[in-house]
Amino acid sequence: APQILMLFAMVALPLASVPRVLASALVFGVALGSCYTASLYYSLHSPVARGRYAGVHAGLIGLGSMAIPFLGGLLARLLHGLWIPYVVAGAAVALSLVVQECLFRWAARRRQG
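Now for a quick tour of the structure. (Residues numbered from 1 in each chain as written. Predicted model: local features only at pLDDT ≥ 70, side-chain atom pairs only at ≥ 80, totals over all residues. Heavy atoms only, no water.)

### Quick notes on the overall build of the protein chain
Turning to step 1, where the next piece is worked out: Summing up its helical and strand segments, the protein chain has 4 helices and 0 strands in all.
Turning to step 2, where the next piece is worked out: In sequence order, the protein chain lays out its α and β elements as α-α-α-α.
Turning to step 3, where the next piece is worked out: Seen along its three principal axes, the alpha-carbon backbone of the protein chain occupies a region of about 50 × 30 × 25 Å.
Turning to step 4, where the next piece is worked out: The buried share of the protein chain, reckoned over its 113 residues, is 18%.
Turning to step 5, where the next piece is worked out: In the protein chain, once contacts between residues fewer than 6 apart in sequence are set aside, the share between residues at least 24 apart is 43%. (Helix = DSSP H or I, 4+ residues; strand = E, 2+ residues; numbered from the N terminus. Buried < 20%, exposed > 50% of the residue type's maximum accessible area, 1.4 Å probe, protein only. Contact = heavy atoms within 4.5 Å.)

Written as structure tokens, this is what we have:
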């Protein structure tokens, strides 16, 4: 749910007025904080081996904080659209939701048999 709220807030941000941008900061803060906490929690509390996926957590945080803004800025510069970084960020959130759902379903099937 926090990621879905962040997705909508991110894509709508270029169209928002200053008060709405400030209000969306609350949405971003809650969404990013809960996603970060969940990622860290589940990377350390794996049923297989505690801390086994902590490197995956750190890698995704690093990749997301470096590659997504770089790609958004590069596309904005090439395509001359200041709104493009917001769409890139929204697409990254949407892609992460799809990947999470696929991994969840895969793990559920694997547990069943």
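Now, onward.
### Details of a nonpolar patch on the surface
Turning to step 1, where the next piece is worked out: On the surface, Tyr36, Leu40, Leu44 and Ile61 cluster together into a nonpolar patch covering about 300 Å² of accessible area.
Turning to step 2, where the next piece is worked out: The element contributing the most residues to the nonpolar patch is helix α2 (residues 18-44), with 3 residues.
Turning to step 3, where the next piece is worked out: Mapped onto the fold, Tyr36 is located in helix α2. (Patch = residues over 30% accessible without salt bridge, like charges linked within 9 Å, V, L, I, M, F, W, Y side chains within 5 Å. Areas by Shrake-Rupley, 256 points an atom, 1.4 Å probe, with all protein chains shown as cover. Salt bridge = Lys/Arg side-chain N within 4 Å of Asp/Glu carboxyl O.)

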